[in-house]
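Okay, here's what each chain looks like letter by letter:
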Amino acid sequence: MPEECEITNDELKKRSNLPWIEKYRPIKFEEIVGNADTVARLSIFATQGNAPNIIIAGPPGVGKTTTIQCLARILLGDSYKEAVLELNASNERGIDVVRNKIKMFAQQKVTLPKGRHKIVILDEADSMTDGAQQALRRTMEIYSNTTRFALACNTSEKIIEPIQSRCAMLRFTKLSDAQILAKLIEVCQLEKLTYDEEGLEAIVFTAQGDMRQALNNLQATAQGFGSINNENVFKVCDEPHPMLIQDMLQHCAANDIHKAYKILAKLWRLGYAPEDIIGNIFRVCKRLTIDEQLKLNFIKEIGITHMKIVEGTNSLLQLTSLLARLCTATEEH
């Protein structure tokens with residue numbers, strides 16, 4: 001458990017009406033959870049002042065945009081509001097945005113300390129059209145003396161290579177379960193919530209390395225039920241319960257397809273989507289305490305079924321076939 005919380009009571013009062021993902025959004029590098037090496041590189045840019053154009057790539061909810069905002073605050077200080085243009089490229093992703101909004105912002109004169117530049121933050125930059133990216137490439141060159149560009153994206157492959165070559169590439173990874181758990185405990189203490197260990201572990205399980213998802217699930221459970229326990233979390237998140245999935249896989253590992261199918265049929269009757277069921281089967285299988293070689297065979301079969309479901313063959317028959325193949329893998333092991 002953290003010995004002391006980073007956020008002061010005065011700051012909490014100011015943020016009291018915000019959703020928790022905004023209320024507890026870090027405003028300093030020290031508050032950012034995870035990806036310590038990458039954040040350390042950015043803090044060097046912040047102290048030196050002359051930051052390059054950057055691309056931060058990584059999965060959702062790991063702090064990409066927050067990190068860029070922290071960098072901009074340190075670099076620009078009191079000039080943050082007038083010297084930063086923040087756009088979400090998933091909404092404003094056409095060539096007109098680059099030609100009008102970004103170009104006009106780059107042309108504006110703003111008085112900044114020596115060695116500092118205006119910053120354009122482009123969130124979800126991988127959603128920009130090819131035309132917009134080509135226009136952005138030229139804009140980055142023309143206004144390099146006055147403006148820096150910071151792009152956040154889920155997959156850097158969708159950013160055209162000329163832009164990639166003009167930027168420092170930083171990659172964020174999913175947060176570890178321990179990092180998310182530590183933050184959840186901190187928030188529970190600040191909000192004075194009653195919680196138990198299993199409840200927090202359930203939130204960590206549903207979040208899958210996504211801090212934003214974890215805080216959303218924590219707030220939804222707290223406001224819906226008051227206390228954070230295993231049962232309440234899965235009521236709010238409405239995912240196939242991992243204990244049911246675990247029992248089903250244990251029956252497969254014992255080569256008992258009839259008991260395994262009963263659990264699958266129950267999940268199907270509850271109305272869960274095949275994508276949710278197969279996703280949880282994979283996540284639970286990774287933690288299953290069975291022979292390692294058998295677990296690898298299970299994961300292989302789960303992967304094949306997942307691929308078929310994603311392609312659209314998402315019937316109960318596919319999932320039943322998976323159980324049969326898992327039992328066959330147990331028999332052959």
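Structure first, text after, so check above.
Residues numbered from 1 in each chain as written. Predicted model: local features only at pLDDT ≥ 70, side-chain atom pairs only at ≥ 80, totals over all residues. Heavy atoms only, no water.

Engineer: Would you mind going over the overall build of the chain with me for this structure?
Structural biologist: Along its length, the chain carries 17 helices and seven strands. Across its three principal directions, the C-alpha atoms of the chain cover 75 × 45 × 30 Å. A total of 333 residues make up the chain; the buried ones form 47% of that total. Here the analysis covers contacts within the chain between residues at least 6 apart in sequence; of these, 72% occur between residues at least 24 apart. Of the roughly 17,000 Å² that the chain leaves accessible, carbon and sulfur atoms contribute 49%. Each charge class in the chain was averaged separately, 40 positive and 42 negative side chains, and the resulting centres sit 7 Å apart. (Helix = DSSP H or I, 4+ residues; strand = E, 2+ residues; numbered from the N terminus. Buried < 20%, exposed > 50% of the residue type's maximum accessible area, 1.4 Å probe, protein only. Contact = heavy atoms within 4.5 Å. Areas by Shrake-Rupley, 256 points an atom, 1.4 Å probe, with all protein chains shown as cover. Lys, Arg positive; Asp, Glu negative; His and termini not counted. Charge placed at Lys NZ, Arg CZ, Asp CG, Glu CD.)

Engineer: Which parts of the structure should I look at to understand the pairing of strand β3 (residues 118-123)?
Structural biologist: Consecutive side chains along a regular strand alternate between the two faces of the sheet. Within β3, six of the six residues are buried, which leaves the element mostly enclosed by the surrounding structure. Residues Lys118, Val120 and Leu122 line one face of β3 and the alternating positions Ile119, Ile121 and Asp123 line the opposite face, and both faces are buried. Across five bridges, the pairing between strand β2 (residues 84-88) and β3 is parallel. Looking across to β3, one finds that Leu85 is bridged to Val120. Inspection of the sheet shows β3 paired to strand β4 (residues 147-153) by five bridges, in the parallel sense. Looking across to β4, one finds that Lys118 is bridged to Thr147. Taking the sense of rotation as the criterion, the β-α-β connection linking β3, helix α7 (residues 130-142) and β4 turns out right-handed. (Pairing = 2+ DSSP bridges. Right-handed = clockwise from strand over helix to strand, strands pointing away.)

Engineer: Just checking my understanding: could you explain helix α3 (residues 36-48) for this structure?
Structural biologist: Helical geometry note: an α-helix holds 3.6 residues per turn, so side chains three or four residues apart project in the same direction. The end-to-end C-alpha separation of α3 is 19 Å, in line with the 18 Å expected for 13 residues at 1.5 Å each. For α3, the set of buried residues is Thr38, Val39, Leu42, Phe45 and Ala46. Buried residues of α3 fall within an arc of 105° about the axis and therefore sit on the same side. Exposed residues pointing more than 90 degrees away from the buried face of α3 are listed as Ala36, Asp37, Thr47 and Gln48. Where α3 is buried, its residues meet β1 (54-57), α4 (64-76) and β5 (168-171). In the stretch just after α3, Gly49 is the one whose phi turns positive, near 95°. (Expected span 1.5 Å × (residues − 1). Arc of directions from axis to C-beta.)

Engineer: In this structure, what is going on with a negative patch on the surface? I would like to understand it.
Structural biologist: Negative charge collects at one region of the surface, where Asp196, Glu197, Glu198 and Glu201 lie side by side. Position of Glu201 relative to the elements: it lies in helix α10 (residues 197-207). Glu201 gets classed as partly exposed once you look at its relative accessible area, which sits at 41%. (Patch = residues over 30% accessible without salt bridge, like charges linked within 9 Å, V, L, I, M, F, W, Y side chains within 5 Å. Salt bridge = Lys/Arg side-chain N within 4 Å of Asp/Glu carboxyl O.)

Engineer: What exactly am I supposed to notice about the packing of aromatic side chains here?
Structural biologist: Ring pairs (aromatic) are described by centroid distance and by the angle formed between their planes. Enumeration according to the criterion identifies one aromatic pair in this entry. The ring of Tyr80 is capped by Arg73, whose NZ or CZ atom sits 5.2 Å from the centre of that ring. One Lys or Arg, Lys118, reaches over the ring of Phe105 and ends 5.4 Å from the middle of that ring. (Phe/Tyr/Trp six-rings, centres within 6.5 Å; stacked < 30°, edge-to-face > 60°. Lys NZ or Arg CZ within 6 Å of the ring centre and 35° of its normal.)

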